[in-house]
Amino acid sequence: MQGVGPAVCLGNDIDTDVIIAGRYLRTKDRSVWAEHAFEDLDPTLAGRLSGAIIVAGKNMGCGSSREQAVVALREAGVVGVVAPSFARIFFRNAINVGLPAIEAEVVCTDGAHVAFDLDAGWVEVDGERYPARPLSEKMVAILRAGGLAPYWRSCR
Amino acid sequence: MSTLSERILGAPAGAYVDREVDIAFAHDGTGLLTREALREMEVERLPHPERLRLIFDHIVPANTGMTATLQAELREYARSSGIELSDAGGGICHQVMSEGVVRPGMIAVGADSHTCTLGALGAFATGMGATDMAAIWASGATWFRVPETIAVRLSGRLDGAAEPKDVALAYVAKLGMEGATYRALEFVGDGAAGISMDGRLTLSNMAVETGAKAGIFYADGVTVRYLAEYGVTASPQTPEDCRYEREVDIDLSGIVPLVAVPPRVDTVREAEEVAGTHLDQVLVGTCTNGRYDDLAQFARVVRGKRVAVRTLVVPASRAVLARAIASGVLADIVDAGCMVMPPGCGPCLGAHAGVLGEGEVCLSTANRNFKNRMGVGGDIYLSSAATAAASALAGEIAVPEAV
Ligand code: SF4
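This write-up is about the structure you can find in this document. Sequence positions are assigned chain by chain, starting from 1 and proceeding in written order. The order in which chains are written sets their letters, starting at A; the order in which ligands are written sets their numbers, starting at 1. Predicted model: local features are reported for residues with pLDDT of at least 70 only, side-chain atom pairs are reported and counted for 80 or more only, and whole-chain, interface and lining totals are derived from all residues. Hydrogens and water are ignored here; the side-chain numbers use all heavy atoms of the structure.

Quick notes on the overall build of chain B
Right, so step 1: Secondary structure is summarised from DSSP: a helix means a run of H or I of at least four residues, a strand means a run of E of at least two, and numbering begins at the N terminus for each. Along chain B, the regular secondary structure elements total 14 helices and 18 strands.
Right, so step 2: Its C-alpha atoms give chain B principal-axis dimensions of about 55 × 55 × 40 Å.
Right, so step 3: Residues counted as buried form 64% of the 403 residues belonging to chain B.
Right, so step 4: Contacts were defined at the residue level, with two residues in contact if any of their heavy atoms lie within 4.5 Å. Taking the contacts inside chain B whose residues are at least 6 apart along the sequence as the reference set, 77% of them involve residues at least 24 apart.
Right, so step 5: Calculation of accessible area relied on Shrake-Rupley with a 1.4 Å probe; when residues are assessed, cover is drawn exclusively from the protein chains displayed. Carbon and sulfur atoms form 49% of the exposed surface of chain B, whose accessible area is close to 13,400 Å². Here the term buried applies to any residue with accessible area under 20% of the maximum for its type, exposed to any over 50%, and partly exposed to those in between, with areas from a 1.4 Å probe on protein chains only.

Here's the deal with the overall build of chain A
Right, so step 1: Per the secondary structure count, chain A includes six helices and seven strands.
Right, so step 2: In chain A, the order of α-helices and β-strands from amino to carboxyl end is β-α-α-β-α-β-α-β-β-β-β-α-α.
Right, so step 3: In this description the radius of gyration comes from C-alpha coordinates, and the expected globular size is given by 2.2 Å times residues to the power 0.38. Against the compact-globule benchmark of 15 Å for 156 residues, chain A has a radius of gyration of 14 Å, which places it among compact chains.
Right, so step 4: In terms of overall dimensions, chain A has a C-alpha envelope of 45 × 40 × 25 Å along the principal axes.

Topic: the interface of chain A and chain B
Right, so step 1: Opposite the 35 residues of chain A that make contact, chain B presents 46 residues.
Right, so step 2: In this description, buried area is defined as the sum, over both parts, of the accessible area (probe of 1.4 Å) that is lost when the two are combined. Between chain A and chain B, the buried area comes to about 3,800 Å², and carbon and sulfur atoms account for 54% of it.
Right, so step 3: Looking at the side of chain A facing chain B, the largest losses of area belong to R26, R88 and R92 of chain A, adding up to 22% of the total buried there.
Right, so step 4: What counts as a salt bridge is simple: a side-chain nitrogen of Lys or Arg found within 4 Å of a carboxyl oxygen of Asp or Glu. Across the chain A-chain B interface, the total number found is four salt bridges.
Right, so step 5: Between R373 of chain B and D17 of chain A there is a salt bridge, with the nearest N and O atoms lying 3.1 Å from each other.

Quick notes on the sheet that holds strand β3 (residues 80-83) of chain A
Backbone hydrogen bonds hold the strands of a sheet together, and the pairing may be parallel or antiparallel.
Residue and element names in this part refer to chain A.
Right, so step 1: Paired strands, as defined in this entry, are two strands with at least two bridges between them according to DSSP. Strand order across the open sheet formed by seven strands is β4-β3-β2-β1-β5-β6-β7, with mixed pairing between neighbours. Both edges of this open sheet fall to β4 (101-103) and β7 (128-131), since each of them pairs with a single strand only. Taken over all neighbouring pairs, the strand axes of this sheet differ in orientation by 30° on average, direction set aside.
Right, so step 2: Sheet topology places strand β5 (residues 113-117) next to strand β6 (residues 122-125); four bridges connect them, and they run antiparallel. Within β6, the position partnered with F116 by the bridge is V123. Only the contacting stretch of a helix is used when fitting its axis, a line to C-alpha atoms as for every element, and angles between N-to-C directions run 0 to 180 degrees.

Here we look at the site of the ligand
Right, so step 1: Lining the immediate surroundings of the ligand are H58, I92, H94, D112, H114, T286, C287, C345, C348, L349, N367 and R373 of chain B.
Right, so step 2: Polarity classes work like this: nonpolar for Ala, Val, Leu, Ile, Met, Phe, Trp, Tyr, Cys and Pro, charged for Asp, Glu, Lys and Arg, and polar for all others, with Gly in that last group. Of the residues in the shell around the ligand, the class split is five nonpolar, five polar and two charged. Put simply, a residue is near a molecule or strand once any heavy atom of it comes within 4 Å of that molecule or strand.

Focus: the sheet that holds strand β9 (residues 184-188) of chain B
Residue and element names in this part refer to chain B.
Right, so step 1: Pairing is parallel in the open sheet, where four strands are placed in the order β10-β9-β8-β11. In the strand order of this sheet, the two ends are held by β10 (214-217) and β11 (246-251), each with one partner. Mean inter-strand twist for the sheet, computed between neighbouring axes without regard to direction, equals 20°.
Right, so step 2: The sheet contact formed by strand β8 (residues 149-155) and β11 spans six bridges and is parallel. Paired with A151 across the strands is E247, a residue of β11.

Some remarks on the packing of helix α3 (residues 68-75) of chain A against helix α4 (residues 88-96) of chain A
All names here are of chain A.
Right, so step 1: The interhelical angle for the contact between α3 and α4, taken along N-to-C directions, is 45°, at an axis separation of 9 Å. Judged on the interaxial angle alone, α4 and α3 are oblique. Crossing angle aside, the handedness with which α3 passes α4 is right-handed. Taking contact as the criterion, the partners of A69, V70 and L73 in α3 are, on α4, F90, N93 and A94. Should an angle fall under 35 degrees it is taken as roughly parallel, and over 145 as roughly antiparallel, whereas 65 to 115 is taken as roughly perpendicular and any remaining angle as oblique. Handedness of a helix crossing follows the sense of rotation of the near helix relative to the far helix, less than a right angle counterclockwise being left-handed and clockwise being right-handed.

Focus: the environment of S383 of chain B
Residues and elements named next belong to chain B.
Right, so step 1: Mapping S383 onto the fold places it in the loop between β18 (379-382) and α14 (385-394).
Right, so step 2: Here S383 falls in the buried class, since its relative accessible area comes to 0%.
Right, so step 3: In the structure, S383 is positioned 214 residues away from L169 in sequence and 8.1 Å away in space, judged by C-alpha atoms.
Right, so step 4: Beyond its immediate chain neighbours, meaning those up to four positions away, S383 contacts K165, L169, L258, V259, N289, L363, S364, T365 and A388.

Structural notes on the side chain of T16 of chain A
All names here are of chain A.
Right, so step 1: With respect to the helices and strands, T16 occurs in helix α1 (residues 16-19).
Right, so step 2: Residue class for T16 comes out buried when judged on its relative accessible area of 1%.
Right, so step 3: What qualifies as a polar contact is a pair of N or O atoms within 3.5 Å, subject to a donor-acceptor requirement within protein and to the restriction that residues adjacent in sequence count only when both atoms come from side chains. At 2.9 Å, the side chain of T16 and the backbone nitrogen of S64 are in polar contact.
Right, so step 4: Look past the residues within four positions of T16 in its chain and what remains in contact with it is G61, C62, G63, S64, R66 and A69.

Describing the pattern of salt bridges
Charged atoms that come close allow side chains of opposite charge to pair.
All names here are of chain B.
Right, so step 1: Applying the stated rule across the entire model yields 26 salt bridges over all chains.
Right, so step 2: Ionic pairing is found between E240 and R7, a salt bridge with its closest N-O pair at 3.7 Å. Taken together, the residues E240 in the loop between α8 (221-228) and β11 and R7 in helix α1 (residues 4-9) connect sequence positions 233 residues apart.
Right, so step 3: Judged by its relative accessible area of 32%, R7 is partly exposed.
Right, so step 4: Here R368 and E209 are joined by a salt bridge, their closest N and O atoms 2.6 Å apart. Taken together, the residues span a long stretch of sequence, with R368 in the loop between β17 (361-364) and β18 and E209 in the loop between α7 (197-205) and β10 at a distance of 159 residues. We note that R368, like E209, is buried.

What to know about helix α11 (residues 292-302) of chain B
Right, so step 1: Within the span of α11 of chain B, buried status applies to Y292, D294, L295, F298, A299, V301 and V302 of chain B.
Right, so step 2: Downstream of α11 of chain B by a residue or two, G304 of chain B has a phi angle that is positive, lying close to 75°.

Quick look at the state of the cysteines
All names here are of chain A.
Right, so step 1: We call a pair of cysteine sulfur atoms a disulfide whenever their separation is within 2.5 Å. A full pass over the atoms with the stated rule returns one disulfide over all chains.
Right, so step 2: Each sulfur of the disulfide joining C9 and C108 lies 1.9 Å from the other. Between C9 and C108, the disulfide has an S-S torsion of -75° and is therefore left-handed. A residue pair is termed long-range when its members are at least 10 positions apart, and C9 in strand β1 (residues 2-9) and C108 in the loop between β4 and β5 qualify at 99 residues.
Right, so step 3: Given the relative accessible area of 23%, C9 is considered partly exposed.
Right, so step 4: With a relative accessible area of 24%, C108 lands in the partly exposed category.

Written as structure tokens, this is what we have:
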């Protein structure tokens with residue numbers, strides 16, 4: 001499982017309220033979440049997410065269990081999220097919707113060229129290679145299937 | 001020798017295990033996504049509907065036509081699939097589950113991050129996302145990584161005007177917002193026995209604010225008596241002499257009223273230091289402090305006086321509301337000029353009633369003060385019910401008097 005894209009750098013403790021605010025939750029229209037992602041942090045950010053790799057600080061995705069946070073990022077076209085640590089529900093949710101969440105400590109500058117290879121266990125930023133914590137076999141299988149729902153269907 | 005998480009999950013810390021769950025619930029928000037995921041997974045029949053619950057609490061009663069329609073769909077789904085529904089007005093999911101449903105030794109999962117609240121009852125309780133929940137509803141089981149445990153060792157007794165919420169803010173400040181990520185907390189030590197079940201629920205509730213997966217008390221006499229009130233028989237759990245990854249000591253007698261200042265829950269000051277901060281709204285309620293003890297504390301302070309700022313009081317459940325009516329606590333709250341809202345999450349997540357305006361400041365008894373959580377441009381301070389009461393009377397943050 002691999003991915004490449006320009007880096008969008010974020011700080012520590014990015015919470016799910018910042019990723020998608022509570023006021024946008026009451027809809028089934030996923031494009032709304034993508035459009036308003038990170039609105040309270042930086043309203044221009046949503047426009048830069050397509051094809052990008054988010055490189056966040058520690059405790060990425062802390063706060064509520066809202067799955068809309070990871071769906072928003074996936075719908076916005078985010079290729080993967082790299083962080084030294086994730087809030088555990090966000091981490092599970094990301095895998096479950098098919099969004100690669102990669103635990104690695106990297107040095108990030110906005111727009112840097114980021115690449116990752118989950119099977120080999122590394123992340124590269126502008127050619128500099130960093131180790132990534134390996135995922136369990138099952139998590140990789142879920143990611144490969146595109147998320148837990150398609151994985152479930154394929155297992156039946 | 002095992003921690004309580006290891007005992008309940010039946011494996012040592014670090015192991016990945018597949019386990020049947022005893023109770024799995026979702027609310028009106030996450031329930032919709034769970035329903036969607038089940039549809040996507042093409043699951044028709046749920047094998048164990050008796051273990052599942054749907055609880056409407058986040059936006060109750062519905063605020064728009066769209067919310068009402070979505071809730072009606074979910075209501076119909078609960079009916080057709082045999083899931084017990086606690087409809088609007090019944091209360092907050094964690095509170096409803098604490099009232100005789102979750103018991104010591106159970107594995108409970110909820111599609112809400114504050115499911116850790118239920119650890120107060122000696123259960124392994126943790127939050128999940130909606131797709132995980134859908135897979136659990138479809139199969140009855142899920143995977144866990146057995147967590148390492150950090151002990152929060154409580155000694156002494158609370159005195160003065162300090163409340164369990166102040167203890168919660170104290171340990172969150174000590175551990176920090178990611179100090180316990182992927183870990184479980186166990187509240188142990190002689191001081192634990194002196195904390196009521198309402199107080200334990202407050203302490204367990206905020207475990208997730210340190211990144212923890214669970215926040216657990218061992219069931220004891222307090223637990224057994226609490227559950228007996230709901231007609232449930234339970235037995236105490238005896239702690240074993242286990243190895244904790246880390247220990248944090250808190251002397252309860254040294255705790256004073258505390259306040260978390262925006263926008264981080266781990267930025268905690270003595271109420272004294274921020275006294276005088278102007279307030280536009282006070283909120284008493286939520287899954288952290290909307291229980292009977294909290295309402296009674298609040299009423300004790302405001303009884304016979306008038307609040308100086310708009311004050312919203314939201315009982316955590318219908319049972320809490322009924323008890324507050326029966327004891328006269330509710331009348332005191334209403335007479336003091338507060339608005340009483342229907343049991344539920346109320347303004348906690350800024351999704352409907354009680355939203356803050358630009359530049360407004362709220363003192364809330366909730367657990368999160370993230371930027372814009374209660375409305376764009378609003379600031380949130382977090383405190384106990386007693387501090388909220390003293391502050392509501394003053395119209396600014398004020399230190400409550402000792403009892
Ligand atoms: S009261 Fe607030 S924190 Fe608790 S479940 Fe409801 S929205 Fe979440």
